[in-house]
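# Chain and residue survey
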Amino acid sequence: MAYRAEYLWIDGSVPTAEIRSKTKILADGDEPGVWGYDGSSTNQATGDNSDVVLQPVFQCPDPIRGGNDILVLCETALTADLSPHPTNTRAGARAALEKYGDQEPWFGLEQEYTLINPATGWPAGFPNNGFPAPQGPYYCGVGALKIHGRDLIEEHTKACMDAGLAISGTNAEVMPGQWEFQIGPADTVAVGDHMWVARYLLFRLAEEHNVEVSIEAKPMKGDWNGAGMHTNFSTRAMRENYESIIAACEAMGALGVPERHLEGYGVGIEDRLTGAHETQRFDQFSYGVSDRGASIRIPWQVAQDGKGYIEDRRPNANADPYVLSTLLTNTVCSALA
Ligand code: ADP
Ligand code: MN
Ligand code: MN
Ligand code: MN
């Protein structure tokens, strides 16, 4: 029987790239092959030379449609020579993993996001005129007054599991309507693949609930935490000894490195990294055990065990996971090599 392949790709939206998709119907036994789209409608081409090539790179069951239907994540390429499109950030992640794969880099990404009521433009759980009670009871909270949108979160978690993604957990966050899910551990390329598909599933399922998902870094000004994408990272050596944990932190703080990384950590980074709300200031670098006010936290358990991973707390929720994983792999693995 014919089946559907939902082709997914990352567009050229500025300043934050977004996921796009379209459906291809395939005959029984046919594989999803190379396809294309109108790049002039996604900020990736001009009208007179509009075709962009879609190259399938990762596929999984489509947990929303079910049956034999699948999701097909693609890289974008130029028609002229099939080289990566300039907006194709996965190509950089592939190169980093090819170079440093022997160090076995692993990532765990914590995607925070905010559910927005399309009627009011306010986060879910915010009253129409005014503000809810301040932060405190919402993080990992239970109960109808504290929690908004759990139906969607449960559906999304199940969908990620059914698709075979490396989802490792989920929790309510510190602001009403704010949530988090985690992808990992997975390598430099796979963590981005799984994150982008998980984002697709979240945005897609939210359509059914008539709610908008925002990955904006500071959706509410004022005394509310922003939305981040904490990036947990290790290499085999870091999972084996503490010297490598410290060497990784030092490499991340080397001259010029913090500034270079922040450029890839998502738009609006200065608005979120204020030094308050469990962040370090954007223009300062520090690392420390259990320190949620540091740029990089060494989890307490890691200090206890003398091995494990580090948490870069700076990336924004709106960062591109491929850009994050490429930056950390290149910086840390070149120092540990
Ligand atoms: P937090 O305590 O900061 O909220 P989370 O539990 O939300 O942390 O996320 C931690 C993430 O780190 C998970 O995705 C987990 O899979 C990942 N992780 C665990 N061990 C490692 C490791 N050795 N290397 C990289 N990531 C790891
Ligand atoms: Mn977390
Ligand atoms: Mn969090
Ligand atoms: Mn964290």
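Residues numbered from 1 in each chain as written. Chains lettered and ligands numbered in written order. Predicted model: local features only at pLDDT ≥ 70, side-chain atom pairs only at ≥ 80, totals over all residues. Heavy atoms only, no water.

### Brief notes about the coordination of the manganese ion (ligand 4)
Ideal geometry at a metal centre gives angles of 109.5 degrees when four donors are arranged tetrahedrally and 90 or 180 degrees when six donors are arranged octahedrally. For clarity, the threshold we go by: Each metal's donors are the N, O and S atoms found within 2.8 Å of it, except that Na, K and Ca use a 3.2 Å limit; water is left out, so coordination can look incomplete. Secondary structure follows DSSP: runs of H or I at least 4 residues long count as helices, runs of E at least 2 residues long count as strands, and numbering of each begins at the N terminus.
Listed as protein donors to the manganese ion (ligand 4) are Glu 110 (OE), Glu 110 (OE), His 230 (ND1) and Glu 311 (OE); their distances from the metal cover 2.0 to 2.5 Å. Along the chain, the residues that donate to the manganese ion (ligand 4) are spaced as E-x119-H-x80-E. The metal-metal distance between the manganese ion (ligand 4) and the manganese ion (ligand 2) comes to 3.9 Å, with Glu 110 coordinating both. Of this pair, Glu 110 sits in strand 6 (residues 106-116) while His 230 sits in strand 10 (residues 229-234), placing them 120 residues apart in sequence.

### As for the site of ligand 1
In plain terms, the rule: The rule for a residue being near a molecule or strand is that one of its heavy atoms must lie within 4 Å of it. We define a polar contact as two N or O atoms separated by no more than 3.5 Å, with the added condition that, inside protein, one atom must be a possible hydrogen donor and the other a possible acceptor, whereas residues neighbouring each other in sequence contribute only through side-chain atom pairs. For this classification, the nonpolar set comprises Ala, Val, Leu, Ile, Met, Phe, Trp, Tyr, Cys and Pro, the charged set comprises Asp, Glu, Lys and Arg, and every other residue, Gly included, is treated as polar.
Surrounding ligand 1, one finds 16 residues, the nearest of these being Ser 168, Glu 180, Ser 234, Arg 297 and Glu 311. Here a nitrogen atom of ligand 1 sits 3.5 Å away from a polar atom, N or O, in the main chain of Gly 108. Contact between ligand 1 and Ser 234: a nitrogen atom at 2.7 Å from a side-chain N or O atom of the residue. The set of elements that each furnish at least two residues to the shell around ligand 1 consists of strand 6, strand 8 (178-186) and strand 10. Considering each element in turn, the shell around ligand 1 owes the most residues, five residues, to strand 8. Here the shell around ligand 1 is built from residues that sort into five nonpolar, six polar and five charged.

### Some remarks on the sheet that holds strand 2 (residues 19-26)
Keep this limit in mind: Strands qualify as paired when DSSP identifies two bridges or more between them. Axes here mean lines fitted to C-alpha atoms, for a helix over just the part in contact, with angles spanning 0 to 180 degrees between N-to-C directions.
A sheet is described by the order of its strands in space; here five strands give the open sequence 2-1-5-4-3, paired in mixed fashion. This sheet does not close on itself; its edge strands, each paired only once, are strand 2 and strand 3 (35-38). Going from strand to strand, the sheet's axes swing by 40° on average, the running direction of each strand aside. Inspection of the sheet shows strand 3 paired to strand 4 (residues 51-61) by four bridges, in the antiparallel sense. Looking across to strand 4, one finds that Tyr 37 is bridged to Val 52.

### Looking at the domain arrangement of the protein
For clarity, the cut-off: Domain start and stop positions are those given by an automatic or database domain assignment. Here a residue-residue contact requires only that any non-hydrogen atoms of the pair lie within 4.5 Å. In this description, buried area is defined as the sum, over both parts, of the accessible area (probe of 1.4 Å) that is lost when the two are combined. Within this document, salt bridges are pairs made up of a side-chain nitrogen of Lys or Arg and a carboxyl oxygen of Asp or Glu, the two lying within 4 Å of each other.
Taken domain by domain, the protein holds domain 1 (3-88) and domain 2 (96-336). Taken over C-alpha atoms, the centre of domain 1 sits 26 Å from the centre of domain 2. Contacts between domain 1 and domain 2 engage 16 residues on the former and 16 residues on the latter. Here domain 1 meets domain 2 over a buried area of about 1,400 Å², counting both sides, of which 82% is carbon and sulfur. The tally of links from domain 1 across to domain 2 stands at zero salt bridges. Of all elements in the fold, only strand 1 (3-10), strand 2, strand 4 and strand 5 (70-78) reach the threshold of two or more residues within the side of domain 1 that touches domain 2. Each residue belonging to the side of domain 1 that touches domain 2 can be placed in one class, and the counts come to 12 nonpolar, two polar and two charged.

### What to know about the environment of Arg 236
Let me state the cut-off plainly: Three labels apply to residues, based on accessible area from a 1.4 Å probe with only protein chains included: buried if under 20% of the type maximum, exposed if over 50%, partly exposed otherwise in between.
Relative to the assigned elements, Arg 236 resides in the loop between strand 10 and helix 4 (242-253). Overall, Arg 236 belongs to the partly exposed group, its relative accessible area being 35%. Separated by 132 residues in the primary sequence, Arg 236 and Glu 104 place their C-alpha atoms 5.6 Å from one another. Other than its neighbours up to four places away in sequence, Arg 236 contacts Asp 102, Gln 103 and Glu 104.

### A word on the packing of helix 1 (residues 90-100) against helix 8 (residues 321-336)
Short version of the rule: For this classification, under 35 degrees means roughly parallel, over 145 means roughly antiparallel, 65 to 115 means roughly perpendicular, and everything else is oblique. With the far helix as reference, a near helix turned anticlockwise by less than a right angle produces a left-handed crossing, and one turned clockwise produces a right-handed crossing.
The contact between helix 1 and helix 8 brings their axes to 8 Å, and the two run at 25°. As the angle between them shows, helix 1 and helix 8 are arranged roughly parallel. Seen along the crossing, helix 1 lies across helix 8 with a hand that is left-handed. Contacts from Arg 90, Gly 92, Ala 93, Ala 96 and Tyr 100 of helix 1 reach helix 8 at Tyr 322, Ser 325, Thr 326, Thr 329, Asn 330, Cys 333 and Ser 334. By residue class, the composition of the contact of helix 1 with helix 8 is five nonpolar, six polar and one charged.

### A closer look at the pairing of strand 5
Within strand 5, eight of the nine residues are buried, which leaves it mostly tucked inside the rest of the structure. Bridge analysis of strand 1 against strand 5 gives four bridges, and the strand direction is parallel. What sits directly across from Tyr 7, in strand 5, is Val 72. Sheet topology places strand 4 next to strand 5; nine bridges connect them, and they run antiparallel. Bridge pairing in strand 5 links Pro 56 to Cys 74.

### Focus on the packing of helix 2 (residues 150-163) against helix 3 (residues 190-208)
If you want to describe how two helices pack, look at the angle between their axes and the distance between the axes. The interhelical angle for the contact between helix 2 and helix 3, taken along N-to-C directions, is 140°, at an axis separation of 10 Å. Judged by the angle between their axes, helix 2 and helix 3 are oblique. Handedness of the helix 2/helix 3 crossing: right-handed. Across from Leu 152, Glu 155, His 156, Ala 159, Cys 160 and Ala 163 in helix 2, the residues of helix 3 making contact are Ala 198, Leu 201, Leu 202, Leu 205 and Ala 206. The residue inventory of the contact of helix 2 with helix 3, partitioned by class, reads nine nonpolar, one polar and one charged.

### With respect to the coordination of the manganese ion (ligand 2)
At this site the manganese ion (ligand 2) is bound by Glu 110 (OE) and Glu 180 (OE), with donor distances of 2.2 to 2.3 Å. Between the manganese ion (ligand 2) and the manganese ion (ligand 3), both coordinated by Glu 180, there is a metal-metal distance of 3.9 Å. A residue pair is termed long-range when its members are at least 10 positions apart, and Glu 110 in strand 6 and Glu 180 in strand 8 qualify at 70 residues. Grouping residues by exposure puts Glu 110 and Glu 180 together as buried.

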